[in-house]
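Coordinates in review
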Amino acid sequence: MRRLWTPAWIARHVAMVVLVVGFLGLGWWQISRATGGNSLSWGYAVEWPIFAGFVAYVWWREVKLARRRAADADLPPAEPDAQPAPAVIAGSRPAVRRPVRVSRVASGGDAVEDTDLAAYNHYLSWLSANPGARPGDYPG
C-alpha cells in the first residue's frame with residue numbers, strides 16, 4: 001500500500017477526487033437549470049455523473065493494476081524447470097501466430113523496371129547531392 005502514496009499517486013488521487021466532485025457538481029448545476037425550464041440540460045444532467053463514474057472506474061482500475069504489479073514484484077522468482085515443456089501437446093490447438101508477409105517476385109528472369117520509381121529515386125539522389133536546393137529547383 002505504500003506504493004500508492006508516492007507523489008505521483010497522490011496527484012492521481014487528488015485529481016480523481018477533484019474531477020469526481022467537479023463532475024457531480026456540474027451535474028447538480030444542470031439539474032437546477034433543467035428544472036428552471038432548460039430542457040437541453042436534462043441530457044447534461046445525466047452525462048456529468050456518467051463522466052464522474054468513468055473517472056472513478058479508471059482510478060479504481062489503475063489502483064488495482066498497481067497493487068497487482070506490486071504483489072507480482074514481491075514474489076520470489078520462479079525456479080526454471082529442468083526439462084523444457086513440449087512445444088506441442090497432443091490434442092491441443094495450435095497457437096495463433098502473427099502472419100508473415102511474403103514478398104512477391106516477378107516470375108520472369110528480368111525484373112520489370114518501374115519508371116515512376118526510377119524517376120523518384122533520381123529525384124531523391126538529386127536532392128541528396130544538392131542539400132541547399134529547394135524541390136522546385138529540380139531540373140527534371
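Up top is the structure.
Analysis parameters
Residues numbered from 1 in each chain as written. Predicted model: local features only at pLDDT ≥ 70, side-chain atom pairs only at ≥ 80, totals over all residues. Heavy atoms only, no water. Helix = DSSP H or I, 4+ residues; strand = E, 2+ residues; numbered from the N terminus. Buried < 20%, exposed > 50% of the residue type's maximum accessible area, 1.4 Å probe, protein only. Contact = heavy atoms within 4.5 Å. Areas by Shrake-Rupley, 256 points an atom, 1.4 Å probe, with all protein chains shown as cover. Expected span 1.5 Å × (residues − 1). Core = buried A, V, L, I, M, F, W, Y, C linked by side-chain atoms within 4.5 Å. Phe/Tyr/Trp six-rings, centres within 6.5 Å; stacked < 30°, edge-to-face > 60°. Lys NZ or Arg CZ within 6 Å of the ring centre and 35° of its normal.

**A look at the overall build of the protein**
Along its length, the protein carries three helices and zero strands. Secondary structure of the protein in N-to-C order comes out as α-α-α. Counting every position in the protein, which comprises 140 residues, the buried fraction comes to 12%. Across the protein, the fraction of contacts at a sequence separation of at least 24, relative to all contacts at a separation of at least 6, is 49%. Total accessible area on the protein stands at roughly 12400 Å², and carbon and sulfur atoms take up 62% of it.

**Focus: helix α2 (residues 41-74)**
Here α2 is 34 residues long and its end C-alpha atoms lie 50 Å apart, about the 50 Å a rise of 1.5 Å per residue gives. Every buried residue of α2 is listed here: Ser 41, Ala 45, Ala 52, Val 55, Val 63, Ala 66 and Ala 70. Buried residues in α2 make contact with α1 (7-35).

**Points about α1**
For α1, built from 29 residues, the straight-helix expectation of 42 Å at 1.5 Å per residue is met to within 8% by its first-to-last C-alpha distance of 42 Å. By the burial criterion, the buried members of α1 are Trp 9, His 13, Met 16, Val 20, Phe 23, Gly 27, Gln 30 and Ala 34. Tucked inside the fold, the buried residues of α1 contact α2. Phi for Gly 37, located one or two positions after α1, is positive at around 120 degrees.

**Points about the nonpolar core**
Among the nonpolar cores identified, the biggest contains five residues, and these are Met 16, Val 20, Phe 23, Ala 52 and Val 55. Put simply, the parts of the chain that give this core at least two residues each are α1 and α2. With three residues, the top contributor of residues to this core is α1. Residues in contact with Met 16, not counting those within four places in the same chain, are Val 55 and Trp 59.

**Side note on the packing of aromatic side chains**
Applying the stated criterion across every chain yields a total of seven aromatic pairs. Ring plane angle 40 degrees and centroid distance 6.2 Å describe the contact between Tyr 57 and Trp 60, whose orientation is recorded as tilted. You can see Tyr 57 and its partner Trp 60 sitting in helix α2, three residues apart, about one turn around the helix. Exposure remark for Tyr 57: the relative accessible area of 42% places this residue in the partly exposed category. Here Trp 60 falls in the partly exposed class, since its relative accessible area comes to 46%. Judged by centre distance (6.5 Å) and plane angle (35 degrees), the rings of Tyr 120 and Tyr 123 are tilted. With Tyr 120 and Tyr 123 both in helix α3 (residues 115-129) and three residues apart, this pair spans about one turn of that helix. The class of Tyr 120 is partly exposed, set by a relative accessible area of 47%. A cation over an aromatic ring shows up here: Arg 12 above the ring of Trp 9, its NZ or CZ 4.6 Å from the ring centre.

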